[in-house]
Amino acid sequence: MSRRFFLILPIAALLGASFWLSPGWLQLCAGLALFLFGMQCLEEGLRQLAGSKLEQLLGRSTATPFKSLLFGVGGTLLLQSSTLVSLLTIAFISTGLIQLAGGIAILFGANLGATSGIWLLAMAGQNLSLSPLALPLLVFGVLASFLGARSRAAGRIVLGIAFIFLGIDQIKDGFASFGDGLDMSGYQVQGLVGSLLFAALGLLVTVVLQSSHATLMLTLAALAGGQLELGQSLAIAIGSNIGSSVTTAFVGSLGGNRSGQRLALAHVLFNVLTGVLAFVLLTPLAWLVQAIAGFAGLGDNLLIQLAMFHTLFNAMGVLLFWPWQDRLASQLTRWLPDRQEPKVLITELDPARSEPARTAARYLNERALDSADAAAGAVVQELNHLGRLSLEVICHALYLPVDQLGKVRADDALLRAAPEKFHFEAEALYQRHIKGVYGDLLSFMGRMEQPMDEEHQRFWVGCQVAALQLVDAVKDAKHLQKNLGHYLEGAPCTARDAYVELRGHLLAALHEVYQLGRSGLDGQPWHDHLQALDDKAARFDGEFRQRLFAQVRSGQLDGLQTSSLMNDLGYASRIIQSLRNVLLIGEEQPLFHELRRLGSSSDERLIVLD
């Protein structure tokens, strides 16, 4: 936080000095701030009003490429942000809710939908003042905020529109008073070099403002005020289009998920190649735009011509890429193949040699918090990760290799063997591999601010309980390991044999959990298998207790040994109960089924919450 403060402080000081020196520059920046704030209000209000309907629509809108295209257009028209639609799509692909080909078609639609904003701004014109409309909207927006949650969201939308209108007028007035200092119409660099310079300007402004709409608003105001020529504005429009994919690429690369990275790369390829094509055809496209505008009687309206050009070259890009979208998806998969899932997650060889870094969450992308369904998908993936880690830690607590989980019949000699010289302490594994992931999960779920319906709320509570049950199972295994190691390292005796039996019972139960989690069973057959696991555990518990007391009566066990065995039987029973509860939570939550059906499955997962 301190670094960010010291970075922002000189920038704020320079801005403050520039505002004092130039009132026109202050007016221009204030207008831009109002415009961006209005877009934020509009986005937040729409999302609060829609709840999870936008996410549900997105999940259903990828049945065909054309439906995906229409969703991209409609979503961008509604939210007025192609960047937001792109980031939401990345979040959904990263959690497996939609496929790559559908996401690519949504991006095509988002680029087309982004042209709507510039048309509205261009048709408003330079001489039309929107402030008279904004003032009553401000009043109604504030009044709506006192009438309940949904009215507050609607009021947020109205306020957003009002601030956008005020921002547009401020930007126009700022250019009018500050225009002489920003007049770039005299800077004539001929040919491709000049176009590249202004395109670079459009790209840079879009990256800084994180909004191509804002860049185009500034361009329209400068064009209407005579500070830019039409050719320069066309180049800036191309650059802003390319700049809108920079945020997508940055977020996709940070997310670490291959699906999100593929979509981010697809967005960059589409915008860059479309921009290159627009540069190559800039002269004929400009001529075509002027011809169409002249035919429609708009030959002297430069704003409409800029909007027309923006739509034309984006539509040209969609037509160019449309026949190749399936092949593009396949090529992206080859360029960025899925990372090979390791069979074992805990891989340190010598626990005494070094201190490995603490394991962190793998699937909790921050952008997933923009959507209730995307966040739910990320949590399910991370619970699977925590489940795998938990089973591995429990195996190490039993002094057994992880590959024993997949074996139908345990190796009797291995069950009777003493712990190896270099073995893992369950406490250390808990600190390194469980605690960090569990903490990341809780932090991620705690930061979820999107409105959720009753089903999502139940799902969220179920996820928290499932994570806690996994952690409780590991903690019980930590307690069990102490006595188990003591007796396994000792001489053969009745107590040692009892611990070997307890070790074999718990391993068999872990194997059942492993198999049930991976099975494709559903409904009653699944519940029958779970009941069989419960019955077997209860039967073993009763018979084991009876044998212990019989051995006490015969003098084979003393009171201390019996006390240890009874306590550790309780730990083993709680481990089995916690793991079966995790499976049951997943089975009883409808949203788990939906997420698993839409998402990709992995044969290597040890616990699948379904």
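Residues numbered from 1 in each chain as written. Predicted model: local features only at pLDDT ≥ 70, side-chain atom pairs only at ≥ 80, totals over all residues. Heavy atoms only, no water.

A. Geometry of the overall build of the protein. Tallying secondary structure elements over the protein gives 24 helices and 0 strands in all. The buried share of the protein, reckoned over its 610 residues, is 51%. Sequence-distant contacts, at least 24 apart, represent 81% of the contacts inside the protein between residues at least 6 apart. Counting every atom, the protein has about 28200 Å² of accessible surface; 62% of that belongs to carbon and sulfur. (Helix = DSSP H or I, 4+ residues; strand = E, 2+ residues; numbered from the N terminus. Buried < 20%, exposed > 50% of the residue type's maximum accessible area, 1.4 Å probe, protein only. Contact = heavy atoms within 4.5 Å. Areas by Shrake-Rupley, 256 points an atom, 1.4 Å probe, with all protein chains shown as cover.)

B. Expanded view of the side chain of glutamine 325. Secondary-structure assignment places glutamine 325 in helix H16 (residues 325-335). Given the relative accessible area of 5%, glutamine 325 is considered buried. Sequence-distant contacts of glutamine 325, that is, excluding residues within four places in its chain, are made with Pro65, Ala101, Ile104, Ala105 and Phe108.

C. Spatial organisation of the nonpolar core. By size, the foremost hydrophobic cluster in this structure holds 109 residues, and its most contacted members are Ile104 and Leu579. Among the elements that line this core, the one with the most residues is helix H17 (residues 372-397), at 15 residues. Here this core spans two domains, since at least three of its residues come from each of domain 1 (3-180 + 197-335) and domain 2 (366-598). Formed by 42 residues, the second largest nonpolar core is a distinct cluster that contains Leu28, Leu230, Ala293 and Ile304. (Core = buried A, V, L, I, M, F, W, Y, C linked by side-chain atoms within 4.5 Å. Domains from an automatic or database assignment.)

D. Expanded view of the environment of leucine 468. Secondary-structure assignment places leucine 468 in helix H20 (residues 454-488). A relative accessible area of 38% means that leucine 468 is categorised as partly exposed. As for leucine 468 and tyrosine 438, which are separated by 30 residues in sequence, their C-alpha atoms are 8.2 Å apart.

E. Summary view of the confidence of the model for the protein. Averaged over all residues, the pLDDT of the protein is 82; the fraction at 70 or higher stands at 85%. No element of the protein has a lower mean pLDDT than helix H24 (residues 590-598), which averages 53, and none a higher one than helix H19 (residues 426-446), which averages 94. pLDDT under 50 marks residues 596-610. Its contacts with residues more than four places away, or in other chains, come to 44 contacts. (pLDDT = per-residue confidence, 0-100.)

F. Broad picture of a nonpolar patch on the surface. Together, Val139, Phe140 and Leu143 make up a nonpolar patch on the protein surface, roughly 310 Å² of accessible area in all. For valine 139, the position within the fold is in helix H8 (residues 131-144). (Patch = residues over 30% accessible without salt bridge, like charges linked within 9 Å, V, L, I, M, F, W, Y side chains within 5 Å. Salt bridge = Lys/Arg side-chain N within 4 Å of Asp/Glu carboxyl O.)

G. How the structure looks around the packing of aromatic side chains. Per the counting criterion, the structure on display carries 9 aromatic pairs. Between the aromatic rings of phenylalanine 108 and phenylalanine 270, the centroid separation amounts to 5.0 Å while the plane-to-plane angle is 40°, which identifies the pairing as tilted. Here the residue phenylalanine 108 occupies a position in helix H6 (residues 100-113), and phenylalanine 270 occupies one in helix H13 (residues 258-280), the gap between them amounting to 162 residues. For the pair phenylalanine 108 and phenylalanine 270, a shared accessibility class is recorded, and that class is buried. Between phenylalanine 108 and phenylalanine 321, the aromatic rings sit 6.1 Å apart at their centres with planes inclined by 55°, giving tilted as the arrangement. Of this pair, phenylalanine 108 sits in helix H6 while phenylalanine 321 sits in helix H15 (residues 302-321), and the two are 213 residues apart along the sequence. Three or more aromatic residues joined by ring pairs make a cluster, and in this case those are Phe108, Phe270, Phe321 and Trp322. In this arrangement the basic side chain of lysine 478 is found over the ring face of tyrosine 430, its NZ or CZ atom lying 4.3 Å from the centre. (Phe/Tyr/Trp six-rings, centres within 6.5 Å; stacked < 30°, edge-to-face > 60°. Lys NZ or Arg CZ within 6 Å of the ring centre and 35° of its normal.)

H. Main features of the pattern of salt bridges. Taken as a whole and assessed by the stated rule, the structure comprises 9 salt bridges. One salt bridge connects glutamate 454 with arginine 458, and the closest N-O pair in it is separated by 3.2 Å. Placement of the pair is glutamate 454 and arginine 458 together in helix H20, with a separation of 4 residues, close to one helical turn. What makes arginine 458 partly exposed here is its relative accessible area of 42%. Lysine 536 is the partner of glutamate 512 in a salt bridge, and the nearest nitrogen-oxygen pair spans 3.8 Å.

I. Quick look at the side chain of arginine 580. Checked against the element boundaries, arginine 580 lands in helix H23 (residues 559-588). Excluding its chain neighbours within four sequence positions, the residues that come into contact with arginine 580 are Leu530, Leu533 and Asp534.

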